[in-house]
Amino acid sequence: MEALGRRPHGIPMCVILMLLLLVTVAHSFYLPGVAPKDFVKGDLLKVKVNKLTSVKTQLPYSYYSLPYCKPEKIVDSAENLGEVLRGDRIENSPYVFKMREPQMCNVVCHVTLNAKDAKEFKEKIDDAYRVNMILDNLPLVVPYKRPDLDSLVYQHGFDVGLKGQYAGRPEEKYFINNHLTFTVKYHKDEETDAARIVGFEVKPFSVKHEYEGKWDEKTRLTCDPHAKRTVTSTESPQEVEDKKEIIFTYDVEFQESEVKWASRWDTYLYMADDQIHWFSIVNSLMIVLFLSGMVAMIMLRTLYRDISKYNQLETQEEAQEETGWKLVHGDVFRPPTNSDLLCVYVGTGVQFFGMILVTMIFAALGFLSPSNRGGLMTAMLLLWVFMGLFAGYASARLYKMFKGTEWKKITLQTAFMFPGILFAIFFVLNALIWGEESSGAVPFGTMIVLVLLWFGISVPLVFVGSYVGFKKPAIEAPVKTNKIPRQIPEQAWYMNPIFSILIGGILPFGAVFIELFFILTSIWLHQFYYIFGFLFLVFIILIVTCAEITVVLCYFQLCSEDYLWWWRAYLTSGSSAFYLFLYAAFYFFTKLNITKPVSGILYFGYMLIGSYAFFVLTGTIGFYACFWFTRLIYSSVKID
């Protein structure tokens, strides 16, 4: 058996089998949407169309909501949950290329507009809508040169059209981009002659195609492949008016590129302003260092000078200053008012923290790259559902410490309160999008799926977590609580709860607001956000800042003999969400060009959801920091 089970060099057979299995899995497994495809000369390349998007309205529409050329049969591509929630509608198109075979002036279709079609095109041109296409999972981009940068910048998608005037005429006309000059960049394998697509670019033109006689399939146009005449920007543009005929055409050229397939997204994700991210990190680290110094000073005063030299205070004045927090030892662990609600919010915060942490780790490792459309949202949604286990556990543990007995009631509140509020806001916003007939509206079937995820997985997991948490022994307070509450002395103006809570939120917000600008830009100006390494650093800085500012203000509060710290600790760091919402309003009025009332409601509705989630996250971090701090200092001091 020994001879059969082992190789001569002592490597167990099971290890060899495991390694072979891993190699096989490595060869057969790719992240969704990230598997490379090899194309040989003449292979068909099918262009897919995605939604029409606008930074002015934030309402996406299906490509075929406009009277563009259609294929014989429109087929929806398989979508994940994240893509549906983002409003992506990926469908096939009549644009079909052959690998490394250039084409010139291919006619897609010939359309005569009616009044309704012309009106729809004009509305989309007014709202600055862009057409998005995909080839081999790469989005279509328009390269252009910014005057302040040496390198090219890429705009996602091309404009439906433009507005302009003829020379010497005052009236404004609408022109459609009906001719597309595509450039497909490929990286060739010298040995096999196969190639991989590494770039997909377009130059759109508005061209009024001229032809003689009646229109048919063989009619020669302004651009003529036989005469090698291509479209240039000097051609007469194509107007959008009732009864105008439009001929949609395209050219394709293929360019060999030195860019390898693994690096093909680098040009799309080029970041010209990475210095500002480093500035953001350094700025945040300065805040952290300042707060760490404060916390270290407090720890030394309370734990070293105060606890070690308990009976050796030099002056009566120093004794009064040093022992302020010790005087409230009999009340500091008295359950707060609305303790049930606090348990629910803490449990929800733990759920949110777990979701964000795991998402950040996966994103920083590259699992949630922009090439995997909808992957980020799908991952966050599923993680939120499974983190319900920790939500139930955290809320039940705290509830039992507060001498609570009805654990099922607290479990139901944890399972339904926060998601219920979010779902209600989301439902109202979705109804507004549906009213605008936008493809961004989440279909009824997807709504059912979301409800099933909530009721079928999240709620039972919250119950399991609560059951386990409530079965454990209650967390013991390090000091006994007096039966009669101590009277709180009159506080100085700067210890006023509202004032200190609002002050506490400034620093956590200050640590993240520069990165917040880039996140808002990626969401509302339709740019890729991929610098998850920076974001993970900022997230860690946020955790430390929330914890330290809460500990510092909690210490000052206890020193002034105010023992009502439970809710204050949660609200101190949680108030950073208030500043986040104010910043979102500032961003709306200074950076966005949203004109429609519905789009404004959508923006503030989604930012309200984001701010509420940020409140729960930061509040929980602050609460646990203060909880740890109070337990630490009161367990270290001797009480007579």
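Parameters and conventions
Residues numbered from 1 in each chain as written. Predicted model: local features only at pLDDT ≥ 70, side-chain atom pairs only at ≥ 80, totals over all residues. Heavy atoms only, no water. Helix = DSSP H or I, 4+ residues; strand = E, 2+ residues; numbered from the N terminus. Contact = heavy atoms within 4.5 Å. 1 Å grid on protein atoms, 1.4 Å probe; cavity = no way out; pocket = protein on both sides within 12 Å on 5 of 7 lines; lining within 4 Å. Points joined across faces, edges and corners; volume = space filled by probe spheres on them. Nonpolar A, V, L, I, M, F, W, Y, C, P; charged D, E, K, R; others polar. Axes fitted to C-alpha atoms, helices over the stretch in contact; angles between N-to-C directions. Disulfide = S-S within 2.5 Å. Buried < 20%, exposed > 50% of the residue type's maximum accessible area, 1.4 Å probe, protein only. Phe/Tyr/Trp six-rings, centres within 6.5 Å; stacked < 30°, edge-to-face > 60°. Lys NZ or Arg CZ within 6 Å of the ring centre and 35° of its normal.

- In the annotation of an unreviewed UniProt entry, the entry for the protein reads Transmembrane 9 superfamily member, and the organism field reads Sesamum calycinum.

**Regarding the environment of Lys37**
Line of reasoning, step 1. By secondary structure assignment, the location of Lys37 is in the loop between helix 2 (13-28) and strand 1 (44-53).
Line of reasoning, step 2. Between the C-alpha atoms of Lys37 and Ala194, which are 157 residues apart in sequence, the distance is 9.5 Å.
Line of reasoning, step 3. Setting aside anything within four residues of it in sequence, one finds Lys37 in contact with Asp136, Ala195 and Arg196.

**So, empty space enclosed by the protein**
Here the idea is plain: a probe the size of a water molecule rolls over the atoms and shows the empty space left.
Line of reasoning, step 1. For the structure shown, the criterion picks out one cavity of 30 Å³ or more.
Line of reasoning, step 2. Each pocket or cavity is described by its volume, and for the largest cavity that value is around 40 Å³.
Line of reasoning, step 3. Along the walls of the largest cavity sit Thr550, Leu553, Cys554, Gln557, Trp565, Arg568, Ala569, Thr572 and Cys626, which together make up its complete lining.
Line of reasoning, step 4. When contributions to the lining of the largest cavity are tallied by element, the ones reaching two or more residues are helix 13 (532-559) and helix 14 (566-574).
Line of reasoning, step 5. For the lining of the largest cavity, the residue count by class is five nonpolar, three polar and one charged.

**Let's talk about the packing of helix 8 (residues 375-386) against helix 11 (residues 444-471)**
Line of reasoning, step 1. Packing of helix 8 against helix 11 leaves a shortest axis separation of 8 Å and a crossing angle of 35°. Contact residues: Leu381, Leu382, Val385 and Phe386 in helix 8; Leu450, Leu453, Ile457, Ser458 and Leu461 in helix 11.
Line of reasoning, step 2. A per-class count over the contact of helix 8 with helix 11 returns eight nonpolar, one polar and no charged.

**Some details on the state of the cysteines**
Line of reasoning, step 1. Applying the stated criterion to the full structure yields two disulfides.
Line of reasoning, step 2. One disulfide in the model links Cys69 with Cys109; its S-S distance is 1.9 Å. The sign of the -75° torsion about the S-S bond sets the Cys69-Cys109 disulfide as left-handed. Note that Cys69 is positioned in the loop between strand 1 and helix 3 (81-86) and Cys109 in strand 3 (residues 103-112), a separation of 40 residues in sequence. Pair check on accessibility: Cys69 and Cys109 agree, each one buried.
Line of reasoning, step 3. You can see Cys559 has no disulfide; the closest cysteine sulfur is in Cys554, sitting 9.6 Å from it.

**Some thoughts on the packing of aromatic side chains**
Line of reasoning, step 1. Taken as a whole and assessed by the stated rule, the structure comprises 58 aromatic pairs.
Line of reasoning, step 2. Between Phe416 and Phe455, the aromatic rings sit 5.3 Å apart at their centres with planes inclined by 50°, giving tilted as the arrangement. One end of the pair, Phe416, is in helix 10 (residues 407-435); the other, Phe455, is in helix 11, and 39 residues separate them in sequence.
Line of reasoning, step 3. Phe416 sits in the partly exposed class, given a relative accessible area of 27%.
Line of reasoning, step 4. Each member of the aromatic cluster is reached from another via a ring pair, and the members are Phe333, Phe402, Trp565, Trp566, Phe623, Tyr624, Phe627 and Tyr634.
Line of reasoning, step 5. Over the face of the ring belonging to Tyr61 we find Lys124, whose NZ or CZ atom lies 4.3 Å from the ring centre.
Line of reasoning, step 6. Its end group placed over the ring of Phe470, Lys400 keeps NZ or CZ at 5.3 Å from the ring centre.

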